[in-house]
Amino acid sequence: MSNDFLYPVTTQTWSNGRHVVRCVKVIQETWDVRTFCFMADQPVLFFFKPGQFVTLELEIDGLPVMRSYTISSSPSVPYSFSITIKRVPGGKVSNWLHDNLSEGQELAVHGPVGLFNAIDFPAEKLLFLSGGVGITPVMSMARWFYDTNANVDMVFVHSARSPKDIIYHRELEHMAARISNFSLHVICEKHGLGEAWSGYRGYLNQPMLELMAPDYLQREIFCCGPTPYMSAVKRLLEAKGFDMSRYHEEAFGPVPAEVRQDVRELAELAADAPQVPAADLNQVSFTSTGKSIQVGPAETVHTAAAKLGLHIPKACGMGICGTCKVLKTSGEVDMEHNGGITDEDVAEGYILSCCSVPRSDVSIDY
């Protein structure tokens, strides 16, 4: 690893796009969770909004794989960034990373992107709610406020399966011991033989929340965890009349069940639908390859590419990760994204192919 980062005159600043980075450290957080730390060979200041994520570009078993992970470190430590990954039984990517990614290896990342962050929703009083490895984005936020000595009142509530599964436990206790504006509460679903635990047990509920943060109705809330966990939190808050415009959750993850069902239903409808009139078709041209195709009123640029056998990398399929960004050189599209592209990129003509529907003939530089 180069020591060029000691000389800031050569330093560049991170921007949304593709970057090659090197793994410089692997930290075993718990028995099945590891943190992977990355730096660039040429010094880069990794500035991002705490809570945002990156997409890893990998090759597993000879096939390209894209997967997005939240940045768990804070931009207050600017020359590197980290992601924290739990080994998931049967998980193709998480298991490969745990078994194969080691210090010194290079890989490409895309990002940073994401609407779930603490910078765009400033508040004097915050409540962080997390479950399992969902702790990573809110830990990034807490680290940022801690490192910058921000005058922010923080209550940090984390739910873990057992004491041995508490990620960042010692660091969280250190933060709580050092500053008065950081209140820590950990809930363990259960504890095994030989595991001492005197804290909260079971699942987060209304009485617990009242004890931990009596003024939670006045706080800005950031929540991340398994889908059932976040659904339960929302039901709890809505039942008490919480202003849900002040509730923010990490939207990136597996495609929600209701979305998958919508896709299936739309596919069935499309199979029975009459042929689209030629006047309603738009042509999508990929100028770098010289290929073009006509698409229907609801088909995306990414669909057009796939029909032509062109592989535009994609991870989330919901306009969140930014992986499928391409340059549109002409034409108009309707793009309904979820934070995976910046206003600056849009101004320069870039679109996310997975969620961009042509409204005229369009040309794509791909």
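Per an unreviewed UniProt entry, the protein carries the name Ferredoxin-NADP reductase and comes from Phytopseudomonas seleniipraecipitans.

A. The arrangement of the overall build of the protein in detail. Along the backbone of the protein there are 8 helices and 21 strands. For the protein, the residues scored as buried account for 47% of the 366 residues in total. For the protein, the proportion of contacts with a sequence separation of at least 24, taken over those separated by at least 6, is 68%.

B. Structural detail: the side chain of Thr-323. With respect to the helices, strands and loops of the structure, Thr-323 is situated in the loop between helix 7 (301-307) and strand 17 (325-330). Of the polar contacts made by the side chain of Thr-323, one reaches the side chain of Thr-55; its length is 3.4 Å. Discounting chain neighbours no more than four positions away, the residues touching Thr-323 are Thr-55, Met-66, Pro-313, Lys-314 and Ala-315.

C. Geometry of the sheet that holds strand 10 (residues 153-160). Read across the sheet, 6 strands follow the order 12-11-10-9-13-14 without closing on themselves; strand pairing throughout is parallel. Each edge of the open sheet carries a strand with a single partner, namely strand 12 (200-201) and strand 14 (247-249). Pairing geometry for strand 13 (residues 220-224) and strand 14, over 3 bridges, is parallel. Within strand 14, the position partnered with Ile-221 by the bridge is Tyr-247. Sheet strands in contact with helix 2 (residues 135-147) are strand 9 (125-131), strand 10, strand 11 (182-188) and strand 13, and its direction is about 150° off that of strand 9.

D. Representation of the nonpolar core within the structure. Among the nonpolar cores identified, the biggest contains 24 residues, and Phe-38, Leu-56, Phe-81 and Leu-97 are the most heavily contacted of them. Elements with a contribution of two residues or more to this core: strand 2 (17-30), strand 3 (33-39), strand 5 (53-60), strand 6 (63-70), strand 7 (81-86), helix 1 (92-100) and strand 8 (106-113). Looking at this core element by element, the count peaks at 4 residues for strand 5. Excluding residues that lie within four positions of it along the chain, Leu-56 makes contacts with Val-65, Met-66, Arg-67, Tyr-69, Ile-83, Leu-97, Leu-107, Ala-108 and Val-109.

E. Broad picture of the packing of aromatic side chains. Applying the stated criterion to the full structure yields 9 aromatic pairs. Centre to centre, the rings of Trp-14 and Phe-81 are 5.1 Å apart; their planes meet at 20°, and the pair counts as stacked. With a gap of 67 residues between them, Trp-14 in the loop between strand 1 (12-13) and strand 2 and Phe-81 in strand 7 connect regions that are remote in the sequence. Overall, the relative accessible area of 5% leaves Trp-14 in the buried class.

F. The sheet that holds strand 2, seen in detail. One open sheet holds the 6 strands; their spatial order is 6-5-8-2-3-7, and the pairing between them is antiparallel. Each end of this open sheet is capped by a strand with a single partner; those strands are strand 6 and strand 7. Strand-to-strand twist of the sheet, defined as the mean angle between neighbouring strand axes without regard to direction, takes the value 40°. Bridge count between strand 2 and strand 8: 6 bridges; the pairing is antiparallel.

G. Quick look at unusual backbone geometry. A cis amide bond links Gly-111 to the next residue, Pro-112, at an omega of 5°. Residue placement: Pro-112 occurs in strand 8. With phi around 55°, Asp-61 is a residue other than glycine that occupies positive phi space. The topology assignment puts Asp-61 in the loop between strand 5 and strand 6. Judged by its relative accessible area of 71%, Asp-61 is exposed.

H. A look at the environment of His-311. Along the polypeptide, His-311 turns up in the loop between helix 7 and strand 17. As a C-alpha pair, His-311 and Cys-324 span 13 residues in sequence and 9.7 Å in three-dimensional space. Excluding residues that lie within four positions of it along the chain, His-311 makes contacts with Pro-64 and Tyr-366.

I. How the structure looks around helix 5 (residues 227-239). Along its 13 residues, helix 5 runs 18 Å from first to last C-alpha, staying within 8% of the 18 Å computed at 1.5 Å per residue. Of all the residues in helix 5, the buried ones are Tyr-229, Met-230, Val-233, Leu-236 and Leu-237. Along the axis of helix 5, the buried residues cluster in a sector spanning 120°; they form a single face. Across helix 5 from its buried face, at more than 90 degrees, point the exposed residues Thr-227, Pro-228, Arg-235 and Ala-239. The inward-facing, buried residues of helix 5 contact strand 9, strand 10, helix 4 (206-212), strand 13 and strand 14. The first or second residue beyond helix 5 is Gly-241, which carries a positive phi of 75°.

J. Spatial organisation of the pattern of salt bridges. Following the criterion strictly, the structure yields 16 salt bridges and no others. Notably, a salt bridge pairs Asp-41 with Arg-22, separated by 2.8 Å at the nearest N-O pair. Of this pair, Asp-41 sits in the loop between strand 3 and strand 4 (44-45) while Arg-22 is found in strand 2, placing the two residues 19 residues apart along the sequence. Judged by relative accessible area, which is 28%, Asp-41 ranks as partly exposed. Salt bridges sharing common partners tie together Lys-125, Asp-153, Asp-215 and Arg-219.

Parameters at a glance
Residues numbered from 1 in each chain as written. Predicted model: local features only at pLDDT ≥ 70, side-chain atom pairs only at ≥ 80, totals over all residues. Heavy atoms only, no water. Helix = DSSP H or I, 4+ residues; strand = E, 2+ residues; numbered from the N terminus. Buried < 20%, exposed > 50% of the residue type's maximum accessible area, 1.4 Å probe, protein only. Contact = heavy atoms within 4.5 Å. Polar contact = N/O pair within 3.5 Å; in protein donor to acceptor, adjacent residues only side chain to side chain. Pairing = 2+ DSSP bridges. Axes fitted to C-alpha atoms, helices over the stretch in contact; angles between N-to-C directions. Core = buried A, V, L, I, M, F, W, Y, C linked by side-chain atoms within 4.5 Å. Phe/Tyr/Trp six-rings, centres within 6.5 Å; stacked < 30°, edge-to-face > 60°. Expected span 1.5 Å × (residues − 1). Arc of directions from axis to C-beta. Salt bridge = Lys/Arg side-chain N within 4 Å of Asp/Glu carboxyl O.

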